[in-house]
Amino acid sequence: MGIFSKKKKDAASDVIGSQLNVSSSKDGAEYTFELEGRLDTNTSPEFESKVNEVVGDAEKLILDFSKLDYISSAGLRVLLGTAQAMDGKGELVIRNLSQSVQEVFELTGFNNLFHIE
């Protein structure tokens, strides 16, 4: 987003368990989720629920992982499900992979499955 980008109209932040903080914002049909902490077996079901609430209306879904320290196979499963839900109806973008998450993506081949910025 550049200096001429619109400010987000709606914003919210939720702590999921003690391991994941999720901030979300909406600008028209573009939804952004910023994750901080760990996306794992304990936190992925609630995150998946939050994403599923907006997938029906989203034309673009952005997941910002700049502060995501860890992702487990349960978190990867949520990403696959989200990609399937967005297929044919909108764009899914994953941004700002931390080094540790990028390594997981490379080891699993997920770096080839998603649009990563």
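Scroll up to find the structure this text is about.
Residues numbered from 1 in each chain as written. Predicted model: local features only at pLDDT ≥ 70, side-chain atom pairs only at ≥ 80, totals over all residues. Heavy atoms only, no water.

(A) Spatial organisation of the overall build of the protein. The helix and strand inventory of the protein stands at three helices and six strands. Mapped in sequence order, the helices and strands of the protein form the string β-β-β-α-β-α-β-α-β. Counting across all 117 residues of the protein, residues that qualify as buried make up 39%. Taking the intrachain contacts of the protein between residues at least 6 apart in sequence as the baseline, contacts between residues at least 24 apart amount to 58%. Accessible area for the protein stands at about 6500 Å²; split by element, carbon and sulfur atoms hold 46% of it. (Helix = DSSP H or I, 4+ residues; strand = E, 2+ residues; numbered from the N terminus. Buried < 20%, exposed > 50% of the residue type's maximum accessible area, 1.4 Å probe, protein only. Contact = heavy atoms within 4.5 Å. Areas by Shrake-Rupley, 256 points an atom, 1.4 Å probe, with all protein chains shown as cover.)

(B) Spotlight on the side chain of Asp 40. Counting through the fold element by element, Asp 40 comes out in the loop between β3 (30-39) and α1 (44-55). Owing to a relative accessible area of 7%, Asp 40 belongs among the buried residues under this scheme. Among all residues touching Asp 40, those that are not within four sequence positions of it are Gln 19, Pro 45, Tyr 70, Ser 72 and Ala 74.

(C) Representation of helix α2 (residues 73-86). Counted at 1.5 Å a residue, the expected span for α2 with its 14 residues is 20 Å, and the 20 Å between its end C-alpha atoms agrees. Of the positions making up α2, those classed as buried are Ala 74, Gly 75, Leu 76, Val 78, Leu 79, Thr 82 and Met 86. Those residues of α2 that are buried are in contact with β3, α1, β4 (60-71), β5 (91-95) and α3 (99-108). Taking the backbone nitrogen of Ala 74 as reference, a side-chain oxygen 3.2 Å away marks Ser 72 as the first, capping residue of α2. (Expected span 1.5 Å × (residues − 1). Polar contact = N/O pair within 3.5 Å; in protein donor to acceptor, adjacent residues only side chain to side chain.)

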